Amino acid sequence: GCGLPIGNFTSQVLANLYLNPLDHYIKHTVGVRYYGRYVDDFVIVHEDRRFLSALVPRIASFLSTELDLTLHPRKIYLQHYRHGVPFLGAVIKPGYILMGDRTCRNAFAAVERHNRVVEDHRPTRIEREHFLSSMNSYLGIMRHYASANLQAHLLERVSPWWWRWFTLGPTQYCVPLGPEHRRYYTQRYGTLLQYHRALQPR
């Protein structure tokens, strides 16, 4: 079969180069002003719904005849901008951007997996490092979206056991606690869980 390996940087570069004629067709031949594309995902904004509807078969025909490609029939969305535009794993709305549903599900599923680790044994150093990198990865990507409430809900799902070894730093990332830190926060706040809740984003 034909295709490109998913995830390779060379695949992204080659796809951007190969689809360059599509960019020129939409921008210059069709005359669309608001158009953006990254690799094989693209979005077109226009005030006339009928224009957009008529544009779909024109783009499909161009891709088929000029580039030997087809549009995915289940990945064409035609809706008002107020409902949000799904693009590159996010939902773009007027004035703000939301994290995509799949990334949200993956984040909560990761917390559940980490919680199962502490159900029957004390996590090893490697398991604690895995928790730290996984949580900070999701907290880091959430910072790019309007997600304060989502971050709070995610942190509430974390088992209290984890907060014996980690807390939230000033930048709202998980940081490890050494023995002296655990003693300090336990004496000052009673439990580390109380300290964790005090630092949660609102």
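Residues numbered from 1 in each chain as written. Predicted model: local features only at pLDDT ≥ 70, side-chain atom pairs only at ≥ 80, totals over all residues. Heavy atoms only, no water.

A look at the pattern of salt bridges
Stated formally: A pair is scored as a salt bridge if a Lys or Arg side-chain nitrogen falls within 4 Å of a carboxyl oxygen belonging to Asp or Glu. Secondary structure elements are taken from DSSP: a helix is a run of H or I of four residues or more, a strand is a run of E of two residues or more, and numbering for both begins at the N terminus.
Tallied over the full model, the rule gives three salt bridges. As a salt-bridge pair, Arg 37 and Asp 23 come within 2.7 Å of each other at their nearest N and O atoms. Linking Arg 37 in strand 1 (residues 34-38) with Asp 23 in helix 2 (residues 20-30), this pair joins segments that are 14 residues apart in sequence. Here Glu 129 ties to Arg 125 by a salt bridge, and the two come within 2.9 Å at their closest N and O atoms.

With respect to the environment of His 114
So the rule is basically this: The rule is simple: take the accessible area with a 1.4 Å probe, protein chains only, and divide by the maximum for that residue type; under 20% is buried, over 50% is exposed, in between is partly exposed. Here, residues are in contact when the closest pair of their heavy atoms is within 4.5 Å.
Along the chain, His 114 turns up in helix 4 (residues 101-117). Judged by its relative accessible area of 5%, His 114 falls in the buried class. Between the C-alpha atoms of His 114 and Arg 128, which are 14 residues apart in sequence, the distance is 9.1 Å. Look past the residues within four positions of His 114 in its chain and what remains in contact with it is His 130, Phe 131, Ser 134 and Trp 162.

Overview of the pairing of strand 2 (residues 41-45)
As a reminder of what qualifies: Paired strands, as defined in this entry, are two strands with at least two bridges between them according to DSSP.
The sheet contact formed by strand 1 and strand 2 spans five bridges and is antiparallel. Looking across to strand 2, one finds that Arg 37 is bridged to Phe 42. What sits between strand 1 and strand 2 in their antiparallel hairpin is a turn of two residues, with Val 39 showing a positive phi close to 55°.

Considerations on the environment of Leu 52
Structurally, Leu 52 is set in helix 3 (residues 49-67). Residue class for Leu 52 comes out buried when judged on its relative accessible area of 15%. In the structure, Leu 52 is positioned 26 residues away from Leu 78 in sequence and 7.7 Å away in space, judged by C-alpha atoms. Leave out the neighbours within four places in its chain, and Leu 52 touches Ile 44, His 46 and Leu 78.

Some remarks on the pairing of strand 5 (residues 96-99)
When strand 4 (residues 90-93) meets strand 5, the two strands line up antiparallel, connected through four bridges. In the strand pairing of strand 5, Ile 92 is matched with Ile 97.

Things to note about the packing of helix 4 against helix 5 (residues 125-142)
The test is simple: Structural elements are reduced to axes, namely lines fitted to C-alpha atoms, with helices fitted over the stretch in contact, and the angle between N-to-C directions of any two is expressed from 0 to 180 degrees. Any angle that is under 35 degrees is reported as roughly parallel, and any over 145 degrees as roughly antiparallel; angles of 65 to 115 degrees are reported as roughly perpendicular and all others as oblique. Each crossing gets its handedness from the near helix: less than a right angle anticlockwise from the far helix is left-handed, clockwise is right-handed. Residues were grouped as follows: Ala, Val, Leu, Ile, Met, Phe, Trp, Tyr, Cys and Pro as nonpolar; Asp, Glu, Lys and Arg as charged; and all remaining residues, including Gly, as polar.
As a packed pair, helix 4 and helix 5 sit with axes 11 Å apart at the nearest point and diverge in direction by 160°. One element, helix 4, and the other, helix 5, form an angle in the roughly antiparallel class. Handedness of the helix 4/helix 5 crossing: left-handed. Residue-level inspection shows Thr 103, Asn 106, Ala 107, Ala 110, Val 111, His 114 and Val 117 of helix 4 in contact with helix 5, the latter providing Glu 127, His 130, Phe 131, Ser 134, Met 135, Tyr 138 and Met 142. Taken together, the residues of the contact of helix 4 with helix 5 sort by class into eight nonpolar, five polar and one charged.

Quick notes on the nonpolar core
How we decide: Throughout this description, the term nonpolar core refers to a set of buried Ala, Val, Leu, Ile, Met, Phe, Trp, Tyr and Cys residues connected via side-chain atoms within 4.5 Å.
If you look at the biggest cluster of nonpolar residues, it comprises 24 residues, and the most contacted ones within it are Met 135, Leu 154, Val 158, Trp 162 and Trp 163. Those elements that provide at least two residues to this core are helix 4, helix 5, helix 6 (148-157) and strand 6 (166-168). The next biggest cluster of nonpolar side chains, apart from the first, holds 14 residues, and it includes Val 30, Ile 44, Phe 62 and Leu 63.

Here's the deal with unusual backbone geometry
Even without glycine at this site, Asp 68 takes up a positive phi of about 60°. Here Asp 68 lies in the loop between helix 3 and strand 3 (85-87). If you check the backbone angles, Leu 88 has positive phi at about 55° while not being a glycine.

Overview of the sheet that holds strand 5
Spatially, 3-4-5 is the arrangement adopted by the three strands of the open sheet, whose pairing is antiparallel. Strands at the two margins of the open sheet, each flanked by one partner only, are strand 3 and strand 5. Across this sheet, the average inter-strand angle for adjacent strands is 30°, counted without regard to direction.

Some details on the packing of aromatic side chains
The geometry of two aromatic rings is summed up by the distance between their centres and the angle between their planes. Applied cut-off: For Phe, Tyr and Trp, where Trp contributes only its six-membered ring, two rings pair if their centres lie within 6.5 Å, and the inter-plane angle classes them as stacked under 30 degrees, edge-to-face over 60, or tilted in between.
Tallied over the entire structure, the rule returns four aromatic pairs. A ring pair is formed by Tyr 25 and Phe 62, whose centres lie 4.3 Å apart and whose planes are at 10°; its orientation type is stacked. Remark: Phe 62 occurs in helix 3 and Tyr 25 occurs in helix 2; sequence separation between them is 37 residues. The burial state of Tyr 25 is the same as that of Phe 62; both residues are buried.

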